[in-house]
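# Coordinate inspection notes
In case you want the letters, here they are:
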Amino acid sequence: MRTVHIRTFTMLGLLFILLLPWIFFLTAHFLQTNTLSLGDNQLQKQRIQKRVSEIIHLIGTNADNWTDPIWQNELQTLLREAKLDAVILNASDQEIYRSKPGRERAWQSSEQFSMIGDGQVIGRAVIYLPSSKAVSMIAVVSGLLLAVIIVAVAMRRLILKPLDRMSSAARQLASGDWDVQQLPSFRITEIAEVRNGFEVMVEGLQQSFQKQLDMEEERRFVIAAVAHDLRTPLFALRGYLDGIEQGIADSPDKLAKYLAACKEKSAQLDRLVEDLFTFTKVEYLEAELNRSTLDIEFILEKAVNNLRPLTVQKDISVIMNFSGADCRVIGDAHLLERAMNNIMDNAVRHTPSHGKILVQCGKDEHKVIFTIQDTGPGFPSDELGHVFEPLYRGEASRNRSTGGAGLGLSISQRIIRQHGGELTAGNHPDQGALLSGWIPSATA
């Protein structure tokens, strides 16, 4: 919709207020004088005086016909053509004839003439001259009032009502009611811009409020779920420690078994706490990244080495296939190492004994691409859409002995996204899960 600036509207309003009374004045002047000339027109005065003389001569030479209707009609026609009015009075000042009965002419200029007959005053004739000034002034005042009313109505509709509607919407928003109805389009440019900015603000506040609600709900869910998961290893750890304290582990082999179980449960607790801490840091604290130039191949190799004891224990073969291309990125070393460790840990935990894990890294134009494929059961097709949801664990990984709180892959995806990339999950056509990701190259 076409809009107009408020300064343009103001200038047009003032011009309209000045122009309309002038139009009314000219119209009234023309109707009174049959001319648009505003000066003191001598010819017009002479013409009026000539007509007045003709009318007075007619009245004076027809004293006997003053009461004759036919003569009065002739006089009426002559007065109408001359745009004059007349009143005829007898010698006793009683009215005999009036061209426009019931109409007072106190505000109109007039000329009086005495009618003489046989040397005596037989009556008087009053001729009302056309006066454009009074009519024009009335027209000017009427035009001014009409112009002010029209501009006021336009101002109310185009300026005051829109501002009032936005004020009501702002008060509604301030009261906590986020269901603000969409404001209509406005014709004033500045108000339309404020309206657009207001709607952007409302939309941003609604999204921010909804995000805050979602984050708060997720935070409560994460804390409750992790607290629940912490109880299992804590209960087992306490049981093993009580057994050691009470002397149940009465042989070196049994004591070594109890200590190994305690160590395993403490490592599981450490993993849960680390997951919770990293998830909170990435999702809620939104800490700024400690950016530096990093080699993704080195980070992947480090993640493989960190899990070497577990892969040896399960006799899992880890094959690293690196292209040798420039796989440098700009990012936070700690967070990226955490992301790759989580992905590798997920692969190792769900790969059966004597299985294989293939780690690949290369470069495609301005992206550093990496994939991690295992020979485990893969992701059920109906669960692929939930792989990166916090605390989600598929049926194949619900066993508490695998550890984790269901945050690992969610943390990895969010870290990769923080670095401008993406992490996706799928299944390889041959067998096993396939996690693919990319990060913008440092040389992009």
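Keep in mind that what you see is a predicted model, and the values were worked out from it rather than measured. (Residues numbered from 1 in each chain as written. Predicted model: local features only at pLDDT ≥ 70, side-chain atom pairs only at ≥ 80, totals over all residues. Heavy atoms only, no water.)

### Some words on helix α7 (residues 296-306)
Owing to its 3.6 residues per turn, the α-helix brings residues three or four apart onto one side. The condition is simple: Here the term buried applies to any residue with accessible area under 20% of the maximum for its type, exposed to any over 50%, and partly exposed to those in between, with areas from a 1.4 Å probe on protein chains only. Comment: elements are numbered from the N terminus, with helices defined as DSSP H or I runs of at least four residues and strands as E runs of at least two. The arc under discussion is defined with respect to the helix axis, by the directions toward the C-beta atoms. A 3.5 Å cut-off defines polar contacts: any pair of N or O atoms within that distance qualifies, except that in protein one atom must be a possible hydrogen donor and the other a possible acceptor, and neighbouring residues in sequence count only when both atoms are side-chain atoms.
When we look at burial in α7, the residues that qualify are Ile296, Glu297, Ile299, Leu300, Ala303 and Val304. End-on, the buried residues of α7 take up no more than an arc of 165°, which puts them together on one face. Measuring from the backbone nitrogen of glutamate 297 back to the side-chain oxygen at the start of α7 gives 3.0 Å, which picks out aspartate 295 as the cap.

### Re the packing of α7 against helix α9 (residues 333-349)
For clarity, the cut-off: Axes here mean lines fitted to C-alpha atoms, for a helix over just the part in contact, with angles spanning 0 to 180 degrees between N-to-C directions. Here the word oblique covers every angle except those under 35 degrees (roughly parallel), over 145 (roughly antiparallel) and from 65 to 115 (roughly perpendicular). Rotating anticlockwise by less than a right angle from the far helix to the near helix defines a left-handed crossing, while the corresponding clockwise rotation defines a right-handed one. Whether two residues touch is decided by their heavy atoms; if any such pair falls within 4.5 Å, the residues are in contact. Only Asp, Glu, Lys and Arg are considered charged, only Ala, Val, Leu, Ile, Met, Phe, Trp, Tyr, Cys and Pro nonpolar, and every remaining residue, Gly among them, polar.
Direction vectors running N to C along α7 and α9 enclose 50°, while the axes themselves pass 9 Å from each other. One way to sum up the angle between α7 and α9 is to call them oblique. Both α7 and α9 take part in a crossing whose hand is right-handed. Side by side, α7 and α9 meet where Ile296, Ile299, Leu300, Lys302, Ala303, Val304 and Asn306 of the first sit next to Leu336, Glu337, Met340, Asn341 and Met344 of the second. Looking at the contact of α7 with α9, its residues break down into eight nonpolar, two polar and two charged.

### Focus: the pairing of strand β11 (residues 433-440)
Threshold: Here a strand pair is declared whenever DSSP counts at least two bridges between the two strands.
Here β11 shows a clear split, with Ala433, Leu435, Gly437 and Ile439 buried on one side and none of Leu434, Ser436, Trp438 and Pro440 buried on the other. Across seven bridges, the pairing between strand β9 (residues 367-374) and β11 is antiparallel. Considered in β11, the bridge of valine 368 is made with isoleucine 439. Bridge count for strand β10 (residues 422-427) against β11 is six bridges, and the pairing is antiparallel. Across the sheet, the residue bridging to alanine 425 is leucine 435, located in β11.

### Focus on the sheet that holds β10
Strand-to-strand pairing in sheets goes through backbone hydrogen bonds, with the strands running parallel or antiparallel. The five strands lie next to each other as β6-β8-β9-β11-β10, forming an open sheet whose pairing is mixed. Because the sheet does not close on itself, it has two edges, and the strands there are β6 (317-322) and β10. Strand-to-strand twist across the sheet, computed as the mean angle between neighbouring axes with direction ignored, equals 15°. Two strands pair when backbone bridges link them, and strand β8 (residues 356-364) and β9 are joined in this way by eight bridges, in the antiparallel orientation.

### A closer look at the environment of leucine 289
With respect to the helices and strands, the residue leucine 289 is situated in the loop between α6 (252-285) and β5 (291-295). Taking the C-alpha atoms as reference points, leucine 289 and histidine 334, 45 residues apart in sequence, are found 9.5 Å from one another. Excluding residues within four positions of it along the chain, leucine 289 makes contact with Asp332, Leu335, Gln418 and His419.

### What about the nonpolar core?
For clarity, the cut-off: By nonpolar core is meant a set of buried Ala, Val, Leu, Ile, Met, Phe, Trp, Tyr and Cys residues that side-chain atoms within 4.5 Å join together.
Ile296, Leu336, Met340, Met344 and Ile357 are the most contacted members of the largest nonpolar core, which totals 38 residues. When contributions to this core are tallied by element, the ones reaching two or more residues are α7, α9, β8, β9, α10 (408-418) and β11. Here this core takes eight residues from α9, the largest share from any one element. Grouped together as the second largest cluster of nonpolar side chains are 19 residues, Ile55, Leu79, Leu84 and Ala86 included.

### A word on the environment of valine 4
Within the secondary structure, valine 4 is located in the segment before α1 (6-33). In this structure the C-alpha to C-alpha distance between valine 4 and threonine 189, which are 185 residues apart in sequence, comes to 5.3 Å. Residues in contact with valine 4, not counting those within four places in the same chain, are Phe9, Arg187, Ile188, Thr189 and Glu190.

### Side note on the packing of aromatic side chains
Basically, it comes down to this: Any Phe, Tyr or Trp ring, taking Trp's six-membered ring, that has another such ring centre within 6.5 Å forms a pair; planes under 30 degrees apart are called stacked, those over 60 apart edge-to-face, and the others tilted. Whether a charge lies above a ring is judged from NZ of Lys or CZ of Arg, which has to be within 6 Å of the ring centre and within 35 degrees of the ring normal.
Scanning the model with the defined rule gives two aromatic pairs in all. On the basis of an interplanar angle of 25° and a centroid distance of 5.6 Å, the ring pair of tryptophan 22 and phenylalanine 25 is categorised as stacked. With tryptophan 22 and phenylalanine 25 both in helix α1, this residue pair falls three residues apart, about one helical turn. Residue classification places phenylalanine 25 among the buried residues on the basis of a relative accessible area of 19%. Taking the centre distance of 5.2 Å and the plane angle of 80° together, the rings of tyrosine 240 and tyrosine 258 count as edge-to-face. One end of the pair, tyrosine 240, is in helix α5 (residues 189-245); the other, tyrosine 258, is in helix α6, and 18 residues separate them in sequence. When the ring centre of tryptophan 438 is taken as reference, the NZ or CZ atom of lysine 367 above it lies at 4.2 Å.

Spatial relationships are all this shows, so hold off on functional conclusions.
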